[in-house]
Structures are given as C-alpha cells and as structure tokens.
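Topology and contacts: notes
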Amino acid sequence: MSAGWTLIDGIGSLVTNDPEEGEGRLGLIRDAAVVIGDGAVQWVGPSARVPDGAAGTRIDVEGRAVLPGFVDSHSHTVFGGDRAEEFAARMTGAAYGAGGIRTTIAATRAASDEALAANAARLAAEARAQGTTTLEIKTGYGQTVLDESRSLDVAAGVSDEVTLLAAHVAPPEYAGRQDDYVAMVIDAMIPACAPRATWIDVFCEEGAFSEEQSRAVLTAGMAAGLVPRVHGNQLSYGAGVRLAVELGAASVDHVTYTTDADVEALAGGSTVATLLPGADFSTRNKYPDARALLDAGVTVALAADCNPGTSYTTSIPFCIALAVREMYMSPDEAVWAATAGGAAALRRTDVGALRVGMRADLTVLEAPSHLHLAYRPGVPLVSRVFSAGVER
Ligand code: NIG
Ligand code: FE
C-alpha cells in the first residue's frame, strides 16, 4: 500500500474478466473497488473489504460501472484523405470492392509525414475518449518500401502494436503484375520494415492476394521475426481462415464468410477470430456467424477496423452494440470480446482484464452496468478513461 496509489471506490458493477474474482466469465463484482498505483492494478475486490490505508487518494464513482479498457486489435489509422463519397454511393446501391483501397493509397502517398501523424493522433485520441486503451495500427496504404516505412514510423508514434500490412492490394504501378509485387514485398519491403513492426498481415481475398501469395508474404514475415495475422473471408468464402490456422496466426480478422470446415479449423487451433462488425455495417455486408464460432469454442475478439474505406469508426461501444443486435452475441460475450478477446488477439497478458499486476487500463461508464453499452446504442457512455493508471 502506498500514499501515491488511488482507490476507485463506489463501483456499482466491476468487470474484471477474472472468473476467480467474481461472477461468470466476466468476473463481475458488485459494489466493488479497485486500487491502482505505479501504472498497475494493486488490489481488486468488494468495497467492504478494501484494506485500511489502501491508497492516498480516493475517487468515488457513485455506482457507475467500471471495466477494463477496450483492446482494439485491428485498425488502419495511417492514411490520407477520406472516402465519404464512395460510402454514399454504396449506401445507394454501389458494391464494395478491394479496389477502393487504391484511392487511399494515392492520398496517403501524397500526404506529408506530419499530416499522417496528425491524423493518426486524432483518431487515437478519438478511440481513447471512447474507452480504447490499447490500439493496434496497421500500415497498408503506402505499398512502396518508402511509404510503408513512413507509415510504420507514424503508427509507432501512437502505438506499441504495429502491424506491417505489406500486401493490402497491389498498387497501380503493379497492375497485372501481382507476383512481381509479392516478390518486391519479400525481397525489399519486409527486410527494410520488419525490425520496426511486431506483426505481418495480408489481405487474402479475391481482388487482393491469393492463398499462395498470402502464404509467401506471411512466411517471409515470420522468417523476419514477425507474427502473422490475416485479413480473411471478408467478402467471400476463401482460404484466409484456413491459412491463418495453418500458420498459427495470432488472429484472422473479418471471418464473415465461413464454412463449417473454417469454424472447425478455428476451434481446433490457437488463432483468434476477430470480428469487425463496423466493416460489415458500412459495406452492407452480411455479418459473421458469431454464434457458430462461439458455440464451437473459438476465441472471439471484436475490433473497430477504423479505416476510411469500410469502417470509419473508432467506437468500440458501437461495435459492441452491433455485435449484440446483429450477431446475436450476448452483451457479456461482446464486452469480453472487446477486452479480453482483443488482448488474446494481440497475445497480451497485461491488458484486457483487471487482475492484480496487470496494467491499470480501465474505463468508467456513465451507466450502472456494462450491459448499457449495447442497451444504449449511440450514447457516449464512456465518462473516464485511465491508461496505465493515468487519467486521460
Ligand atoms: O479491413 N479488408 C481490407 N482492408 C480494410 C479496408 C480497406 C479499405 O477499403 O480502405 C478492412 O476492411
Ligand atoms: Fe482491416
């Protein structure tokens, strides 16, 4: 116990994600308290049992809900421009195709480092204000060694979770020469960029990269020390999910078009299925079969997929509401997926739950329970956010 620590008391309902601490998988404790200090969780339990002199400062949240900060394991927030008109055209009947990515590639290449950094910082702040305390960021709108490299630097300026999305879509200068692009990624881009990233990602989809091309990029990334994650099965049935499981990827993301065999493969492997309902919402796609995945025992994460093409939202509460309403996840499952699930997708053991020793990343809701995140869609319920114990 230390005078520099803070007691957060009067918590109406606390999600710990620690089943040993409280009720159910969310480890729910009512009338709870948390002590945070030195950036970490120091004590968790019922208010009635707070140790004497636990902390020098006391914050009374007056019955509000507290939960772990959201772990958003999938974003593309390094980009120039926007695609509002493409969105509007889609809402009146146009179809979404991976080719729209090239519009943002052109705008990103044309943007200065400063403009890219300012946009990424703006979106990180927007996400944080909505309760996100861990945000993965992908490159993918540069698609040259130079532009991916500066995108990596911008991403690293706002996050520790940086992904090299080396093969997002073949850029225009490689039109009709996809294999040449893949060879350039393997021979030049990965060697230049790998030391500054943690993850390697590819868009395995019709109109983007084939199974063989995706496997070649991912294995080259793995040989360079990166851990794979995959964009798969977003727009059609395909090889993405199976490839991710085969390579032991940390996560396969989207997972919208799945066969029984895909669900079985995920259930038998260690790859997390990260669902991105914001993208399905903004592209008028169908939603993933979350129930089949959950009922088969697959670990499911929820992420916002913030990007200018398919999902221009940083709001995890919005994604939780969609997951519950449209994907038949229970509110508890959705909240778990956006916290502990995201942590699993990023292989993090220090975030996504409120257990002694973990990072003091937590959000206070303007509501008595986490259920309100889905129950009150569109209402800004996140009232306070602590990141490593510091209120921001
Ligand atoms: O996750 N699927 C590929 N990448 C992004 C979309 C990128 C874009 O349209 O700009 C996604 O949805
Ligand atoms: Fe994405």
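Residue numbers run consecutively from 1 along every chain, following the written order of its sequence. The naming scheme follows written order: chains are lettered A onward, ligands numbered 1 onward. Side-chain atom pairs in this predicted model are given and counted only at pLDDT of 80 or more, local residue features only at pLDDT of at least 70, and totals for whole chains, interfaces and linings cover all residues. Hydrogens and waters are ignored; side-chain quantities use all the structure's heavy atoms.

Per an unreviewed UniProt entry, the chain carries the name Imidazolonepropionase and comes from Tsukamurella tyrosinosolvens. You can read under Function (unreviewed entry) in the UniProt record for the chain the words "Catalyzes the hydrolytic cleavage of the carbon-nitrogen bond in imidazolone-5-propanoate to yield N-formimidoyl-L-glutamate. It is the third step in the universal histidine degradation pathway." UniProt positions are given in the numbering used here, feature names are shortened, and annotations may be inferred rather than shown by experiment. Under the heading Catalytic activity (unreviewed entry), UniProt records this for the chain: "4-imidazolone-5-propanoate + H2O = N-formimidoyl-L-glutamate".

1. Things to note about the coordination of the iron ion (ligand 2)
Distances from the iron ion (ligand 2) to its protein donors, namely His-74 (NE2), His-76 (NE2), His-231 (NE2) and Asp-305 (OD), fall within the range 2.0 to 2.5 Å. Written as a sequence motif, the donor residues of the iron ion (ligand 2) are H-x1-H-x154-H-x73-D. In this pair, His-76 sits in the loop between β6 (70-72) and α1 (84-91) while Asp-305 sits in the loop between β14 (300-302) and α11 (316-327), placing the two residues 229 residues apart along the sequence. The burial state of His-76 is the same as that of Asp-305; both residues are buried. Donor atoms: N, O and S within 2.8 Å of the metal, or within 3.2 Å for Na, K and Ca. Because water is excluded, sites can look incomplete. A run of DSSP states H or I qualifies as a helix once it reaches four residues; a run of E qualifies as a strand once it reaches two. Both are numbered from the N-terminal end. Buried residues are those whose accessible area, probed at 1.4 Å on protein chains only, stays under 20% of the maximum for their type, while exposed residues exceed 50% and partly exposed ones sit between those limits.

2. With respect to the domain arrangement of the chain
How big an interface is tends to be stated in terms of accessible area lost as the parts join. Reported domain spans reflect what an automatic or database domain assignment gives. As assigned here, the chain comprises domain 1 (6-69 + 353-391) and domain 2 (70-346). A straight line from the C-alpha centre of domain 1 to that of domain 2 covers 30 Å. Just to be clear on terms, a salt bridge is a Lys or Arg side-chain nitrogen sitting within 4 Å of an Asp or Glu carboxyl oxygen. Summed over the shared surface of domain 1 and domain 2, the result is zero salt bridges. Under this definition, polar contacts are N or O atom pairs within 3.5 Å; protein pairs additionally need one hydrogen-donor-capable and one acceptor-capable atom, and for neighbouring residues in sequence, both atoms have to be side-chain atoms. Scanning the region where domain 1 abuts domain 2 turns up three residue pairs in polar contact (both at pLDDT 80 or more). Broken down by secondary-structure element, the contributors of at least two residues to the side of domain 1 that touches domain 2 are β5 (65-68), α13 (372-375) and β16 (382-387). The element best represented in the side of domain 1 that touches domain 2 is β16, accounting for four residues. Charged residues are taken to be Asp, Glu, Lys and Arg, nonpolar residues to be Ala, Val, Leu, Ile, Met, Phe, Trp, Tyr, Cys and Pro, and polar residues to be all remaining types, Gly included. The residue makeup of the side of domain 1 that touches domain 2, split by class, is ten nonpolar, five polar and two charged.

3. Structural notes on unusual backbone geometry
The backbone of Asn-233 shows a phi angle near 55°, a positive value even though the residue is not glycine. Residue position: Asn-233 is located in the loop between β11 (227-232) and α7 (240-246). In this structure Asn-233 comes out as buried when scored by relative accessible area, which is 1%. The phi torsion at His-254 lies on the positive side, around 95°, for a residue other than glycine.

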